[in-house]
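Observations on chain architecture
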Amino acid sequence: ARERGAQWDVDAPFEGYPPILFYAARVRSVSGVRLLLEEAAPNVNRVYDDRTPLMLAAELGFAEIVQLFLERDGVDPNATDKRGNTALVLAPKRF
């Protein structure tokens, strides 16, 4: 069991779940993504399951979350998955 107040790595998967930023993006939690970006300093370009958080949000068609990522310094909108797809390539499939 985790100690109360213990540090938690926001970029690491946890007990079978993806990293918290991916999870917040996947469940369309705009407030969760915003809070994590403002307070937790996650690695916004981390790749999990062949996607960055931006790519995941784009692929799912979550425009408001895509916008949050694009407004964030350091986000790489040109990151690619194994097939060479960027968030922009993935986005039109859903928007």
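What counts, and where the lines are drawn
Residues numbered from 1 in each chain as written. Predicted model: local features only at pLDDT ≥ 70, side-chain atom pairs only at ≥ 80, totals over all residues. Heavy atoms only, no water. Axes fitted to C-alpha atoms, helices over the stretch in contact; angles between N-to-C directions. Helix = DSSP H or I, 4+ residues; strand = E, 2+ residues; numbered from the N terminus. Parallel < 35°, antiparallel > 145°, perpendicular 65-115°, else oblique. Contact = heavy atoms within 4.5 Å. Nonpolar A, V, L, I, M, F, W, Y, C, P; charged D, E, K, R; others polar. Patch = residues over 30% accessible without salt bridge, like charges linked within 9 Å, V, L, I, M, F, W, Y side chains within 5 Å. Areas by Shrake-Rupley, 256 points an atom, 1.4 Å probe, with all protein chains shown as cover. Salt bridge = Lys/Arg side-chain N within 4 Å of Asp/Glu carboxyl O. Buried < 20%, exposed > 50% of the residue type's maximum accessible area, 1.4 Å probe, protein only.

Running from N to C, helix α2 (residues 30-40) and helix α4 (residues 63-70) cross one another at 10°; their axes reach a closest spacing of 10 Å. When the axis of α2 is compared with that of α4, the two are roughly parallel. Together, V30, V33, R34 and L37 of α2 and E64, I65, L68 and F69 of α4 make up the contact between the two elements. In terms of residue class, the contact of α2 with α4 is made up of six nonpolar, no polar and two charged.

Here we come to a nonpolar patch on the surface. Taken together, the side chains of Y17, Y23 and V27 make up a nonpolar region of the molecular surface, amounting to roughly 300 Å² of accessible area. Of note, V27 is situated in the loop between α1 (20-26) and α2. By relative accessible area, V27 is classed as partly exposed at 44%.

On to helix α3 (residues 53-60). Within α3, six of the eight residues are buried, which leaves it mostly tucked inside the rest of the structure. For α3, the full list of buried residues reads P53, L54, M55, L56, A57 and A58. Note on α3: the residue one or two positions beyond its end, G61, has a positive phi of about 80°.

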